[in-house]
Amino acid sequence: QVQLVESGGGMVQAGGPLRLSCSASGTIFRINSMAWYRQVPRKERELVATISSDSRTNYADSVKARFTISRDIAKKTVYLQMNDLKPEDTAVYYCYVNNVRGYDYWGQGTQVTVSS
């Protein structure tokens, strides 16, 4: 009954910004953590950024100081602000939500393509 829908992906020149949004429909009982992952062909899905229930954030080393994760629990939405994008950031980005009971929810992914 829960569905996560990502938006905001697209094509951008290197150095530019994009903001990804992920909104949840349906009922998620007490959201615990939210995160963004990304994946390129033939590689494992990579954790990009997380935000916990107490608002602590963590980032992959490759995106520190460039990406910012934020959330609005009331709106059941998580955001990823991406600045100074690089070609190596090109990937499909996936939204992830975990509730306090340990249930996991995934979005379908949104393509981000960075050209040089």
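What you see is a predicted model; the values in this text were computed from it and never measured.

1. Regarding the side chain of Ser52
Positionally, Ser52 belongs in the loop between β5 (46–51) and β6 (57–59). Ser52 sits in the buried class, given a relative accessible area of 14%. For Ser52, the contacting residues outside a window of four places in its chain are Asn32, Ser33 and Arg71.

2. Observations regarding unusual backbone geometry
Backbone geometry at Ser55 places phi at a positive 75 degrees, although glycine is not the residue there. Take Ser55: it is sitting in the loop between β5 and β6. According to the relative accessible area criterion, Ser55 is partly exposed, its value standing at 45%. We note that Asp84 has phi near 50 degrees; this positive angle belongs to a residue other than glycine.

3. What about the state of the cysteines?
Per the stated rule, a full pass over the model turns up 1 disulfide. Here Cys22 is linked by a disulfide to Cys95, with a sulfur-sulfur distance of 2.1 Å. An S-S torsion of about -80 degrees defines the bridge between Cys22 and Cys95 as left-handed. Taken together, the residues span a long stretch of sequence, with Cys22 in strand β3 (residues 18–25) and Cys95 in strand β9 (residues 91–99) at a distance of 73 residues. When its relative accessible area of 0% is taken as the criterion, Cys95 is described as buried.

4. Brief notes about the packing of aromatic side chains
Following the criterion strictly, the structure yields 3 aromatic pairs and no others. Centre to centre, the rings of Tyr96 and Trp106 are 4.9 Å apart; their planes meet at 55 degrees, and the pair counts as tilted. Pair noted here: Tyr96 is in strand β9 and Trp106 is in strand β10 (residues 104–106), with a separation of 10 residues, a long-range link. According to the relative accessible area criterion, Tyr96 is buried, its value standing at 13%. Exposure remark for Trp106: the relative accessible area of 34% places this residue in the partly exposed category.

5. Overview of the sheet that holds strand β7 (residues 67–72)
Spatial strand order, β1-β3-β8-β7: 4 strands in an open sheet with antiparallel pairing. Bordering the open sheet on either side are β1 (3–7) and β7, each of which pairs with just one other strand. Averaged over neighbouring strand pairs, the angle between their axes works out to 15 degrees when direction is ignored. As paired elements, β1 and β3 share 5 bridges and run antiparallel to each other. Opposite Val5, over in β3, you have Ser23 as the bridge partner.

About the thresholds
- Residues numbered from 1 in each chain as written.
- Predicted model: local features only at pLDDT ≥ 70, side-chain atom pairs only at ≥ 80, totals over all residues.
- Heavy atoms only, no water.
- Helix = DSSP H or I, 4+ residues; strand = E, 2+ residues; numbered from the N terminus.
- Buried < 20%, exposed > 50% of the residue type's maximum accessible area, 1.4 Å probe, protein only.
- Contact = heavy atoms within 4.5 Å.
- Disulfide = S-S within 2.5 Å.
- Phe/Tyr/Trp six-rings, centres within 6.5 Å; stacked < 30°, edge-to-face > 60°.
- Pairing = 2+ DSSP bridges.
- Axes fitted to C-alpha atoms, helices over the stretch in contact; angles between N-to-C directions.

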